[in-house]
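Chain and residue survey
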Amino acid sequence: MDPTKALEESLDSFGREYERAFADAPTEQALRDEKARLLGKKGALTEALKLMGKVPPADRKRIGERVNGEKSAVEGAFDARLRQLHAEARARELSARPLDLSLPGRAPIRGHRHPISLVTDDLLAIFRDLGFIVVEGPEVELEENNFTKLAFPPDHPATDMQDTFWVEVAGAPSDARTLLRTHTSSVQVREMSRRTPPMAIVSPGAVFRRDDDATHSPMFHQVEGFLVDQGVSMADLRGVLAAFAERLYGPGTKTRFRPSYFPFVEPGAEIDVSCALCKGAGCRVCKGTGWLEVLGCGMIHPEVFIHCGIDPEIYTGFAFGLGVERLAMMRYGVPDLRLLFENDPRFLASF
Ligand code: FA5
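What you see is a predicted model, and the numbers here were worked out from it, not measured in a lab.

**Things to note about the domain arrangement of the protein chain**
When the parts come together, some accessible area is lost, and that loss is often what is quoted as the size of the interface. As far as domains go, the protein chain holds domain 1 (3-95) and domain 2 (115-348). With centres defined by C-alpha atoms, the gap from domain 1 to domain 2 works out at 75 Å.

**Quick notes on the pattern of salt bridges**
Tallied over the entire structure, the rule returns 26 salt bridges. The partner of R37 in a salt bridge is E34, and the shortest N-O contact between them spans 2.8 Å. One end of the pair, R37, and the other, E34, are both in helix α2 (residues 28-39), three residues apart, so they sit about a helical turn from each other. Look at R37 and you get partly exposed, because its relative accessible area is 42%. The salt bridge partner of R258 is D272, with a shortest N-O separation of 2.8 Å. Remark: D272 occurs in strand β8 (residues 265-274) and R258 occurs in strand β7 (residues 255-260); sequence separation between them is 14 residues.

**A look at the packing of aromatic side chains**
The full count for this structure, using the stated rule, is 13 aromatic pairs. Where F318 meets F320, the ring centres are 6.4 Å apart and the plane angle is 25°; that geometry is what we call stacked. The two residues F318 and F320 agree in class, both being buried. With a centroid separation of 4.6 Å and an interplanar angle of 80°, the aromatic rings of Y332 and F351 are classed as edge-to-face. Placement of the pair is Y332 in helix α10 (residues 324-332) and F351 in the segment after α12 (345-348), with a sequence separation of 19 residues. The class of F351 is partly exposed, set by a relative accessible area of 26%. Grouped by ring-pair contacts, the aromatic residues F127, F132, F244, F318 and F320 constitute a single cluster. Stacked on the ring of F78, the Lys or Arg K35 has its end atom at 4.3 Å from the ring centre.

Procedures and definitions
Residues numbered from 1 in each chain as written. Predicted model: local features only at pLDDT ≥ 70, side-chain atom pairs only at ≥ 80, totals over all residues. Heavy atoms only, no water. Domains from an automatic or database assignment. Salt bridge = Lys/Arg side-chain N within 4 Å of Asp/Glu carboxyl O. Helix = DSSP H or I, 4+ residues; strand = E, 2+ residues; numbered from the N terminus. Buried < 20%, exposed > 50% of the residue type's maximum accessible area, 1.4 Å probe, protein only. Phe/Tyr/Trp six-rings, centres within 6.5 Å; stacked < 30°, edge-to-face > 60°. Lys NZ or Arg CZ within 6 Å of the ring centre and 35° of its normal.

Now the structure itself:
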């Protein structure tokens, strides 16, 4: 066929095609898609223009004007259909049920801190008032800081595969074993090795153990505290922890020391606090005893001082470590520790 004629026919059918396509487009997006398709690389217009090279020079000017005319006709038809779609949408909006401006607004849901953060902040505030500074340590630790320098014997069960998550750290020296710290006591080693007494430090953070039941979680939080100076005695430890318990649970809260063993303290103790819920009468949370175990503590072992470059002939000190989840469970009456980490909004919204 004569290329001029063929091109003119293509342009005619192109004209019919876009008119129909635009009229059928039900939404603005569909309309825009149609336009992109019609004018795109594979569109009918592009196809028709491929014939342009074959059109005799005498016809080219006329055909060129026609092509430009089609292009601006497409734009015009597009704009017209777009206006029409907008007008239809506006008409639907106006004829829809009226907006009731007197309806009460929807209050935005306010977030809040996690119960573990709330309790940790309260604990740190109490110790800050008592003169302690807050220092944090890393969660991935050297075996040396977590166990060896804290005088754990090499066969201590806590170092066992059952309790400790061992990790491989790229670039760590090959003779240094690394783990997820099992307690915050590793911060004692770090800070005592780089500071000169006196020092009074608290250190909050996550710790990890291969434990999992209603009162044990593989990841939980501790707050470590330690104080080193000349002439520090068990009486100072007792005084600090009694003041802490009264601040946390209110005046009249009693504390009791029970002898206990931790390799890095001598003597060692566990502290029970009179149950804040039943005031010592016995309830479900304290399992009828009237007391709740909250922390481990003791006088820092001379061997730990030596490992950290502190002279045990000159200095003494105390240390304690408490489990934040247990305190949070007691404060909020949470029956299962795992609820604290499941992040169920129905549970978290109750704080
Ligand atoms: C320690 O971790 C010692 N580092 C504490 C310490 C510090 C003693 C300084 C002496 C001097 P223990 O393993 O008992 O001790 O843990 C301390 C507290 O952490 C416990 O009283 C308990 O409240 C909490 N805890 C222990 N294991 C878990 C667990 N799996 N999930 C939740 N809380 C736990």
